[in-house]
Amino acid sequence: MPALGFIGLGNMGGPMVHNLAAAGHEVVCFDAAGTAALAPPGAPCAGSAREVAARARIVFLCLPDGPVVLQVARELAACSERAVEIVVDSTTAGIADARAAHDLLAGAGIRYADAPVSGGTKGAQAGTLAMMVAAPDDLFAEVEPFVRPMAANARHVGTEPGHGMAMKLLNNFLSATAMAATSEAVAFGVSQGLDMTTILETVNLSTGRNTATEDKFPNRIATGSFDSGFATRLMAKDIRLYEESVADAGAPGTLAGMLRTIWDGMEAARPDSDFTEIYEHVRDGG
Ligand code: NAD
């Protein structure tokens, strides 16, 4: 079995690498915030991305954003005694930065698949993530067995760099729309004297149901826990990437512009919040 590496052991990468290790793989881990505390028990810890590149043939990334991916890709490519041959990137890095990472790594003879994920921290823990993999057929076939323990719902969505990111951005546009629209609808209902639980239970039996009414509102907002593990700054980043990509493509973007205004406003007002706090932000006139 090839040696595996994993860089970025945060809210998503942490549970993902635990599932990879639980499936019997040895995974060389690195996180800039301190590897030992985040890595699975007994997993080998590296002191840098460069050291992961020297020890692992297939390296997974789950980093905050595209600029960090490019920084880490430069470190991997700069390793002189390289073991790394393949990088699988589960960061929501955006289309342009995924293509840039692909080209940068290709210059060093390293193959790159963009493979962003959906399903939240709950899906990451359960190993049921949807992973949207863009890679040539032979590369997908090679990485698929290592992806499955983390992402039972992995799909090969395209063969060109950036196809996975395009898929992920359009998904998060829909998810962010559901959250913002549900926040407005629930705030209206409550203003009319309806109980939030009644609203959610009734919508979930009706045509307005969506991921916000079925999951985020009953489990993270009505409970007051606001603990989805998905930061507002990451959702705002995703919506900016989507809106910019739509504009670049000349595709329809009326709602994308509105969503960008809402999520940029949310990030400015509550920079360190969980994205489920959007309900309070919208309800309070944000
Ligand atoms: P996070 O901030 O919890 O984790 C990112 C990790 O990367 C941190 O532990 C950080 O220390 C580490 N890191 C940052 N710079 C580094 C570097 N140069 N070298 C090594 N490690 C570095 O973020 P997250 O919630 O795990 O999200 C990761 C990615 O997945 C993001 O692109 C996000 O948009 C996407 N995503 C998140 C969720 C979610 O629910 N949290 C769901 C789907 C996709």
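Residues numbered from 1 in each chain as written. Predicted model: local features only at pLDDT ≥ 70, side-chain atom pairs only at ≥ 80, totals over all residues. Heavy atoms only, no water.

1. Brief notes about the packing of helix H8 (residues 163-191) against helix H11 (residues 232-249)
Move 1: At their nearest, the axes of H8 and H11 sit 9 Å apart, and the two run at 120° to each other. In terms of their interaxial angle, H8 and H11 are classed as oblique. Considering only the axes of H8 and H11, their crossing is left-handed. On H11, the residues that touch Leu169, Leu170, Asn172, Phe173, Ser175 and Ala176 of H8 are Met235, Asp238, Ile239, Leu241, Tyr242 and Ser245.
Move 2: Residues of the contact of H8 with H11, tallied by class, amount to eight nonpolar, three polar and one charged. (Axes fitted to C-alpha atoms, helices over the stretch in contact; angles between N-to-C directions. Helix = DSSP H or I, 4+ residues; strand = E, 2+ residues; numbered from the N terminus. Parallel < 35°, antiparallel > 145°, perpendicular 65-115°, else oblique. Left-handed = near helix turned anticlockwise from the far one by under 90°. Contact = heavy atoms within 4.5 Å. Nonpolar A, V, L, I, M, F, W, Y, C, P; charged D, E, K, R; others polar.)

2. Considering the domain arrangement of the protein chain
Move 1: Taken domain by domain, the protein chain comprises domain 1 (4-160) and domain 2 (166-283).
Move 2: On the side of domain 2, 15 residues touch domain 1, which itself brings 14 residues to the contact.
Move 3: Summed over both sides, the interface of domain 1 with domain 2 buries roughly 1100 Å², with 60% coming from carbon and sulfur.
Move 4: Ranking the residues of domain 1 by area buried against domain 2 places Thr92, Ile95 and Met132 at the top, with a combined share of 41%.
Move 5: A salt bridge links Lys122 to Asp215; the nearest nitrogen and oxygen atoms lie 3.5 Å apart.
Move 6: Joining domain 1 to domain 2, the criterion identifies six residue pairs in polar contact (both at pLDDT 80 or more).
Move 7: Secondary-structure elements contributing two or more residues to the side of domain 1 that touches domain 2 are strand E6 (117-118) and helix H6 (120-126).
Move 8: Per-class residue counts for the side of domain 1 that touches domain 2 are seven nonpolar, five polar and two charged. (Domains from an automatic or database assignment. Buried area = accessible area lost by both parts, 1.4 Å probe. Salt bridge = Lys/Arg side-chain N within 4 Å of Asp/Glu carboxyl O. Polar contact = N/O pair within 3.5 Å; in protein donor to acceptor, adjacent residues only side chain to side chain.)

3. Notes on the site of the ligand
Move 1: As a matter of local geometry, the ligand sits amid 26 residues, with Asn11, Met12, Asp31, Pro64 and Lys237 nearest to it.
Move 2: Within the contact set of the ligand, an oxygen atom lies 2.9 Å away from a backbone nitrogen or oxygen of Asn11.
Move 3: Take Lys237: an N or O atom from its side chain is 2.9 Å from an oxygen atom of the ligand.
Move 4: Calculation on the ligand without its partners gives an accessible area of 830 Å², and the protein chains cover 88% of this total.
Move 5: Applying the majority rule of atoms within 2 Å of the grid points places the ligand in the largest pocket.
Move 6: The set of elements that each furnish at least two residues to the shell around the ligand consists of helix H4 (66-78) and H11. (Near = heavy atom within 4 Å. Areas by Shrake-Rupley, 256 points an atom, 1.4 Å probe, with all protein chains shown as cover. 1 Å grid on protein atoms, 1.4 Å probe; cavity = no way out; pocket = protein on both sides within 12 Å on 5 of 7 lines; lining within 4 Å. Sits in = over half its atoms within 2 Å of the grid points.)

4. Some details on the packing of aromatic side chains
Move 1: Within this structure, the stated rule accounts for five aromatic pairs.
Move 2: Centroid distance Phe217 to Tyr279: 5.5 Å. Interplanar angle 75°. Geometry classified as edge-to-face. Within this pair, whereas Phe217 is found in helix H10 (residues 211-221), its partner Tyr279 is found in helix H13 (residues 278-283), the two being separated by 62 residues in sequence.
Move 3: Considering the side-chain rings of Phe230 and Phe275, the 5.1 Å spacing of their centres and the 65° angle between planes classify their relative orientation as edge-to-face. Separated by 45 residues along the polypeptide, Phe230 in the loop between H10 and H11 and Phe275 in the loop between helix H12 (254-269) and H13 bring together distant segments of the chain.
Move 4: Among the aromatic residues, ring-to-ring pairing joins Phe230, Trp263 and Phe275 into one connected group. (Phe/Tyr/Trp six-rings, centres within 6.5 Å; stacked < 30°, edge-to-face > 60°.)

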